[in-house]
Amino acid sequence: MSDKTNHIPADQEAALSHEKGFAVPVSRRNLLASSAGLAVGSMLGASSAAAQSADTIGSPHAGAFSTAGNRIYSANPTHPNMADISQNPANVPPPITRTEPATVRLEFETIEIEGHLDTNTRYRFWTFNGKIPGPFQRVRVGDTVEVYLKNNEESWFAHNIDLHAVTGPGGGAALGTPGPGEDYSFRFKALNPGLYVYHCAVAPVALHIANGMYGLILVEPEGGLRPVDREYYVMQGEIYTEERFGTTGLLNESYEKLIDERAEYLVFNGHTGALTEHYPLQAKVGETVRIYFGVGGPNYISSFHVIGEIFDRVYLHGSLQTPPLENVQTITVPAGGAAMVEFKCDVPGRYVLVDHALSRAERGLAGYLYVEGDENPDIFASLDNDPATEGSEN
């Protein structure tokens, strides 16, 4: 690009052209309205969502953002005129059935792409293979893994990859830093089973991660994992923009906010609405769900929770051979860390994935799990409409 140097000042802030819009105030009233709604989980319907939306009627900011105070129970609409960088959480390779180690080839392409961030908001993301998070990789302990990484010729920056599953300098990042149109490759032996984060490690590393360059690699133990009905891939990330949360148009990254750890957006799988409107998780009553959950970060710790569910088994820190914790409500996952959770779906309805630092939901951090099937009144039912309770005394 002939004007490339105009977009890369020394402080690493990309001064992309943009249009200013209105910033979004996150009021205490709106925040408490959403938090109070959590108590009833999937029982909230359209009337409740409408009541929360009513708080913003007449606001001068209405139309510049997805309704403040309604982030958990209101989906972000799709925008067909914008590129969608969100990773479908169902994009998980099938379990490995072979019983012997093999040589496995992993291919990555680092692509910088302008895409949808929020309602009427765009951002220049940096990605592995055009999606955030990057592709879920699945190998077996003992495998020889060959990694091939190409940096797209339209990129503005150099990129590489650090896989936490690698035993070796930089997790592979020390072996190359390809610029636009360049590539490099390396191999490693998968010595340790577990669930591991990978990310770009070009300085400033935090900037590359915040712009979307992270993913997960699963190293299955010998004998594999216990069978489940559905597997999903979810990662949490932070986005730091010069403009305030909710500003419309093409937003610019902010290196100052990044090093001060003041994220404007917090997201599951790349952008707001990725796991509500675009790719909600799905299951049926009686099925067992496994979520591979990771935190790209680069800065925040997650308190991952599914409203209305209890994790039957939790494999903390991505450790697959440590006996799992059982019957857990919320898990703590550090930046650059991962965990695997499993639970059985007993009751139909909509379940909400959150970081239980719930103010973050107001900045886009929420997802849905829809469970279909027959009601299970022995486990969950309303007393208000139960004929057996009519006329009874307290």
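For the structure, check the block above.
A brief structural summary.

Rules used throughout
- Residues numbered from 1 in each chain as written.
- Predicted model: local features only at pLDDT ≥ 70, side-chain atom pairs only at ≥ 80, totals over all residues.
- Heavy atoms only, no water.
- Phe/Tyr/Trp six-rings, centres within 6.5 Å; stacked < 30°, edge-to-face > 60°.
- Helix = DSSP H or I, 4+ residues; strand = E, 2+ residues; numbered from the N terminus.
- Buried < 20%, exposed > 50% of the residue type's maximum accessible area, 1.4 Å probe, protein only.

Concerning the packing of aromatic side chains
Inference 1: As enumerated under the stated definition, the model contains 15 aromatic pairs in all.
Inference 2: Each ring, one from F108 and one from Y198, has its centre 5.3 Å from the other, and the planes form 65 degrees; the classification is edge-to-face. Of the two residues, F108 sits in strand β1 (residues 103-118) while Y198 sits in strand β7 (residues 194-199), which places them 90 residues apart along the sequence.
Inference 3: On the accessibility criterion, F108 (3% relative accessible area) is buried.
Inference 4: When the ring of F136 is compared with that of Y233, the centres are 5.0 Å apart and the planes differ by 70 degrees; the resulting orientation is edge-to-face. Here the residue F136 occupies a position in the loop between β2 (121-128) and β3 (137-140), and Y233 occupies one in strand β9 (residues 230-239), the gap between them amounting to 97 residues. Each member of the pair, F136 as well as Y233, is classed as buried.
Inference 5: Clustering of aromatic rings is evident, with ring pairs tying together F268, F293, F304, F311 and F343.

Notes on unusual backbone geometry
Glycine aside, negative phi is the norm for most residues, and most peptide bonds take the trans geometry.
Inference 1: The omega torsion across A203 and P204 is -10 degrees, close enough to zero to call that bond cis.
Inference 2: Its location among the elements puts P204 in the loop between β7 and α3 (205-210).
Inference 3: Look at N327: it is not a glycine, yet its phi comes out positive at around 60 degrees.
Inference 4: Locating N327 in the fold gives a position in strand β16 (residues 325-328).

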